[in-house]
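# Secondary and tertiary structure notes
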Amino acid sequence: MMGDDRLPAHLEVSGLLKLTQALGGFGMVLQKGERDAGTLVILTTNSGKNTRLWERMPQMDGTRHFVPSKTQDPDKPQEFDEYVARRQTQDPDCWFIELDGPDVERLIDPTAR
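Everything in this summary refers to the structure shown in the same document. (Residues numbered from 1 in each chain as written. Predicted model: local features only at pLDDT ≥ 70, side-chain atom pairs only at ≥ 80, totals over all residues. Heavy atoms only, no water.)

Where strand 1 (residues 26-31) and strand 5 (residues 95-100) come together, 5 bridges link them in antiparallel fashion. Bridge pairing links Met28 to Glu98 in strand 5. As paired elements, strand 2 (residues 40-46) and strand 5 share 6 bridges and run parallel to each other. In the strand pairing of strand 5, Val41 is matched with Phe96. (Pairing = 2+ DSSP bridges. Helix = DSSP H or I, 4+ residues; strand = E, 2+ residues; numbered from the N terminus.)

Quick look at the structure:
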């Protein structure tokens, strides 16, 4: 069950897109999910390099943090695209967004450098 302290999904998406633009990057919604309670899946990339898929996962302390669940193999980009397409069909309430820029990973993972 979700805590009341979580932002509605559409507000979190909007904020991440604006922060990406503020960093000089580009963000876009690949699939809209449920407006308030939809799950958020984020693709990060830097001009098509170092592409990762991030999902919130439960932690031992009960919190949920974004962790990379799949990294694109530069020699097999089609496998990554197929994986993302499968994930999109699994949960129509899920939001998929792409953030493209040199520092976008730090928006979802403060330890990223």
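We now examine unusual backbone geometry. Although it is not a glycine, Ser47 sits at a positive phi angle of roughly 55°. Looking at the element boundaries, Ser47 is found in the loop between strand 2 and strand 3 (49-58). Look at Ser47 and you get exposed, because its relative accessible area is 60%. Positive phi values are uncommon outside glycine, yet Asn50 reaches one of about 55°. Checked against the element boundaries, Asn50 lands in strand 3. (Buried < 20%, exposed > 50% of the residue type's maximum accessible area, 1.4 Å probe, protein only.)

Once that is clear, we can look at the sheet that holds strand 1. Ordered in space as 1-5-2-3-4, the 5 strands form an open sheet in which the pairing is mixed. In this open sheet, the two edge strands, each paired with only one partner strand, are strand 1 and strand 4 (64-71). Shown here is a sheet whose adjacent strand axes are inclined to one another by a mean of 25°, direction ignored. Here strand 2 runs beside strand 3; their pairing, made up of 5 bridges, is antiparallel. Opposite Thr44, over in strand 3, you have Arg52 as the bridge partner. Relative to the sheet, helix 1 (residues 9-22) contacts strand 1, strand 2, strand 3, strand 4 and strand 5, its axis offset from that of strand 5 by approximately 10°. In this fold helix 2 (residues 77-90) packs onto strand 1, strand 2, strand 3, strand 4 and strand 5, with an angle of close to 30° to the strand it touches most, strand 3. (Axes fitted to C-alpha atoms, helices over the stretch in contact; angles between N-to-C directions. Contact = heavy atoms within 4.5 Å.)

Now for the packing of aromatic side chains. Evaluation of the coordinates by the stated rule reveals 0 aromatic pairs. Here the guanidinium or amino end of Lys70 rests over the ring plane of Tyr83, the centre of that ring lying 5.3 Å away. (Phe/Tyr/Trp six-rings, centres within 6.5 Å; stacked < 30°, edge-to-face > 60°. Lys NZ or Arg CZ within 6 Å of the ring centre and 35° of its normal.)

Counting residues in each nonpolar core, the largest one holds 13 residues, and the members touching the most others are Leu40, Ile42 and Ile97. Residue contributions to this core peak at 4 residues, all from helix 1. Excluding residues that lie within four positions of it along the chain, Leu40 makes contacts with Glu12, Val13, Leu16, Trp54, Glu55, Arg56, Phe66, Trp95 and Ile97. By size, the runner-up hydrophobic cluster in this structure holds 7 residues, among which are Leu43, Leu53, Val84 and Cys94. (Core = buried A, V, L, I, M, F, W, Y, C linked by side-chain atoms within 4.5 Å.)

Moving on, we come to the environment of Glu98. With respect to the secondary-structure elements, Glu98 resides in strand 5. Linking Glu98 and Thr45, residues 53 residues apart in sequence, is a C-alpha distance of 7.7 Å. Other than its neighbours up to four places away in sequence, Glu98 contacts Phe26, Gly27, Met28, Leu30, Leu43 and Thr45.

Any functional reading would require information that these geometric values do not contain.
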